[in-house]
Amino acid sequence: MIEINHLYKSFGDKEVLKDISATFENGKTNLIIGQSGSGKTVLVKNLVGLLDPTSGEVLYDGRNFVLMDKNEKVAMRREMGMIFQSAALFDSLNVLENVMFPLDMFSSMNYRERMKRAQECLARVNLIDAEKKFPDEISGGMQKRVAIARAIALNPKYLFCDEPNSGLDPKTSLVIDELLHGITHEFNITTIINTHDMNSVMGIGEKIIYIYEGKKEWEGKSSDIMMSTNEKLTDFVFASDLLKKMKQNEMEKMRRNNS
Ligand SMILES: Nc1ncnc2c1ncn2[C@@H]1O[C@H](COP(=O)(O)OP(=O)(O)OP(=O)(O)O)[C@@H](O)[C@H]1O
């Protein structure tokens, strides 16, 4: 489990994260949601050590990441897979070489073993036929799938994804969501996803943390969102009239079933 306790992060006199305490559950799809600029990316950067908190704790199974020495942090990072907003593939490497890259850097496998492992990961994201292609020869959705294959190559315990659906159409977004959710359960990964995408929230979010202006406003299961009376959360999640209507219908249905 990842637990954050009283996390604060400031840049100069600008306080971005304000006293956030939350838990991210093992083997589940944990989503961080919130308006643009609310602090989601800064929060994830604190979790993976790209930023140091001003104060507070980041505990991985009870061990405080913030206080670890350099070697311990390097060892922890090897347990983390990351998928950035842009797929961040290397343009000069083909798909297979991109997935092999973390294995080349951090594993003691020989070339054949590394290639076999990369091909297994590409098969998991249904991209085995594209292994010889270069990033600019494949679609944005395929690039994201390559990024997912690369992120799982080293069997991470934790998977961090920053806006995995940005720039993708709704159908492709669903494919990416289902892949991330499937991989999370299949390999018992603790997955943390930053997202604005309400389809993801309702579709794959098992644990949701809602950040509002740098504070944790709400934490719970996606099924609880329907019944939540937290106005800031419902304003954010049900921003469109269509979604508001769906929530009203759902609440009426539940009331009828309970009476
Ligand atoms: N290195 C930095 N120095 C100063 N301010 C920063 C820095 N990084 C982020 N911020 C500020 O922190 C705030 C939160 O930014 P963050 O990128 O975490 O938002 P977000 O919720 O991820 O937004 P989005 O959904 O648009 O990606 C913003 O006001 C941003 O300008």
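Small disclaimer: the values here were computed from a predicted structure and weren't measured.

1. Topic: the sheet that holds strand β1 (residues 2-11)
At step 1: Strand order across the open sheet formed by 4 strands is β2-β1-β4-β5, with antiparallel pairing between neighbours. Each edge of the open sheet is held by one strand with a lone partner, namely β2 (14-24) and β5 (63-64).
At step 2: For strand β4 (residues 55-60) and β5, the ladder comprises 2 bridges, and the chain directions are antiparallel. Across the sheet, Tyr-60 pairs through a bridge with Arg-63, a residue of β5.
At step 3: Its contacts with the sheet put helix α1 (residues 40-48) on β1, β2 and β4, and the angle it makes with β1 is roughly 120°.

2. As for helix α6 (residues 170-186)
Along an α-helix, residues three or four apart share an orientation, since each turn contains 3.6 residues.
At step 1: With 17 residues, α6 extends 24 Å from end C-alpha to end C-alpha; this agrees with the ideal 24 Å at 1.5 Å per step.
At step 2: Of the positions making up α6, those classed as buried are Ser-173, Ile-176, Asp-177, Leu-179, Leu-180, Ile-183 and Thr-184. One side of α6 carries all its buried residues, which in axial view fall inside an arc of 160°. Turned more than 90 degrees away from the buried face of α6, the exposed residues are Pro-170, Lys-171 and Glu-178.
At step 3: Remark: Asn-188 follows α6 within two positions and exhibits a positive phi of approximately 50°.

3. Things to note about a nonpolar patch on the surface
At step 1: Together, Phe-90, Phe-101, Met-105 and Phe-106 line one region of the surface with nonpolar side chains, adding up to about 370 Å² of accessible area.
At step 2: Mapped onto the secondary structure, Phe-101 falls in helix α3 (residues 95-106).

4. What to know about the sheet that holds strand β10 (residues 215-220)
At step 1: Taken in spatial order, the 6 strands make up an open sheet running β6-β7-β8-β3-β9-β10, and their pairing is mixed. Edge positions in the open sheet fall to β6 (80-83) and β10, since each of these has one partner strand only. Along the sheet, successive strands turn relative to each other by an average axial angle of 15°, direction set aside.
At step 2: Alignment of strand β3 (residues 29-33) against strand β9 (residues 207-212), held across 4 bridges, turns out to be parallel. Looking at the pairing, Leu-31 lines up with Ile-208 of β9.
At step 3: Here α1 sits on the sheet in contact with β3, β6, β7 (158-162), β8 (190-195) and β9, set at roughly 155° to β8.

Thresholds applied
Residues numbered from 1 in each chain as written. Predicted model: local features only at pLDDT ≥ 70, side-chain atom pairs only at ≥ 80, totals over all residues. Heavy atoms only, no water. Pairing = 2+ DSSP bridges. Helix = DSSP H or I, 4+ residues; strand = E, 2+ residues; numbered from the N terminus. Contact = heavy atoms within 4.5 Å. Axes fitted to C-alpha atoms, helices over the stretch in contact; angles between N-to-C directions. Expected span 1.5 Å × (residues − 1). Buried < 20%, exposed > 50% of the residue type's maximum accessible area, 1.4 Å probe, protein only. Arc of directions from axis to C-beta. Patch = residues over 30% accessible without salt bridge, like charges linked within 9 Å, V, L, I, M, F, W, Y side chains within 5 Å. Areas by Shrake-Rupley, 256 points an atom, 1.4 Å probe, with all protein chains shown as cover. Salt bridge = Lys/Arg side-chain N within 4 Å of Asp/Glu carboxyl O.

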